[in-house]
Amino acid sequence: MKKKFLYIVWLCLYILCAGLGMISERNLLGHIILTLLSLIFFIPGILLLYKGIRENDKKTLRTVRIVSLISLVLTLSLIVLNITLVFAGEAVGQTLNDLLILVSAPMFCCYLRGLSPFLWACLFISSFPRVWKK
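If you're wondering where the values come from, they're calculated on a predicted model, not measured in any experiment. (Residues numbered from 1 in each chain as written. Predicted model: local features only at pLDDT ≥ 70, side-chain atom pairs only at ≥ 80, totals over all residues. Heavy atoms only, no water.)

J.: Lay out the overall build of the protein with the relevant residues and their values.
T.: Scanning the protein from terminus to terminus reveals eight helices and zero strands. When the helices and strands of the protein are placed in sequence order, the string is α-α-α-α-α-α-α-α. On the principal axes, the C-alpha backbone points of the protein span a range of 50 × 35 × 25 Å. Among the 134 residues that make up the protein, the fraction classed as buried is 33%. In the protein, the share of contacts with a sequence separation of at least 24, taken over all contacts with a separation of at least 6, comes to 73%. For the protein, the accessible surface area stands at approximately 8500 Å², while carbon and sulfur atoms represent 74% of it. (Helix = DSSP H or I, 4+ residues; strand = E, 2+ residues; numbered from the N terminus. Buried < 20%, exposed > 50% of the residue type's maximum accessible area, 1.4 Å probe, protein only. Contact = heavy atoms within 4.5 Å. Areas by Shrake-Rupley, 256 points an atom, 1.4 Å probe, with all protein chains shown as cover.)

J.: Give a description of the nonpolar core that names residues and reports values.
T.: Side chains that are nonpolar tend, in soluble globular proteins, to be buried together. Counting residues in hydrophobic clusters, the biggest one holds 17 residues, and the most contacted among them are Trp10, Cys17, Leu37, Phe41, Trp120 and Leu123. Looking at this core, the elements that each hand over two or more residues are α1 (3-20), α2 (28-40), α3 (43-54), α4 (58-84), α6 (105-109) and α7 (115-126). Of the residues forming this core, the biggest block, five residues, is contributed by α1. Once you skip the residues sitting within four places of it in the chain, Trp120 turns out to touch Trp10, Phe41, Phe42, Val67, Ser68, Ser71, Leu72 and Pro106. Grouped together as the second largest cluster of nonpolar side chains are six residues, Leu78, Leu100, Ile101 and Met107 included. (Core = buried A, V, L, I, M, F, W, Y, C linked by side-chain atoms within 4.5 Å.)

J.: Just give me the short version of α2, but keep the residues and values in it.
T.: Under the 1.5 Å per step criterion, the end-to-end length of α2 is 18 Å for 13 residues, consistent within 8% with the ideal 18 Å. Listed in full, the buried residues belonging to α2 are Gly30, Leu34, Thr35, Leu37 and Ser38. Across the axial projection of α2, the buried residues extend over an arc of 160°, all falling on one side. Opposite the buried face of α2, by more than 90 degrees, sit the exposed residues Leu28 and Leu29. (Expected span 1.5 Å × (residues − 1). Arc of directions from axis to C-beta.)

J.: Can you tell me about the side chain of Ser127, naming the residues and giving the values?
T.: You can see Ser127 is positioned in the loop between α7 and α8 (129-132). A polar contact is formed between the side chain of Ser127 and the backbone oxygen of Phe124, at a distance of 2.6 Å. (Polar contact = N/O pair within 3.5 Å; in protein donor to acceptor, adjacent residues only side chain to side chain.)

J.: A description of the layout of surface pockets should follow, citing residues and the corresponding values.
T.: Of the volumes computed, that of the second largest pocket is approximately 240 Å³. Lining the second largest pocket are Tyr7, Trp10, Leu11, Tyr14, Phe41, Val67, Ser71, Leu102, Val103, Ala105, Pro106 and Trp120. Listed by contribution, the elements that provide at least two residues to the lining of the second largest pocket are α1, α4, α5 (90-103) and α6. Counting residues per element, the lining of the second largest pocket draws most heavily on α1, at four residues. Of the residues belonging to the lining of the second largest pocket, the class tally is eleven nonpolar, one polar and no charged. (1 Å grid on protein atoms, 1.4 Å probe; cavity = no way out; pocket = protein on both sides within 12 Å on 5 of 7 lines; lining within 4 Å. Points joined across faces, edges and corners; volume = space filled by probe spheres on them. Nonpolar A, V, L, I, M, F, W, Y, C, P; charged D, E, K, R; others polar.)

Structure follows, in structure tokens:
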């Protein structure tokens, strides 16, 4: 597969996760489907990472590294900001929550909220092939 196609698929999955992550009332089937969708979200990133390592393409590795780092940093920042501003009012809390949904779309799509940051961290660490290669 071409890298451009993988980036487009990754963007489409992000939009799908962001839209469906706003569903608040879910049944068991909804939780299962949305959790699978949030796991599928990471497949294009893994494929890009694999192609970057196999082809020794530093630009692709750097792109995956930057995307995953930005997602991790913004997610952590918004969670800390949301906790810090807990007494700021309902409108502030809702705005911060909406921003968090946009920043970390697969996290809100998944039933297990810690799985998405873990997978982002795995993508980030894996984008440094010299660290784990001997």
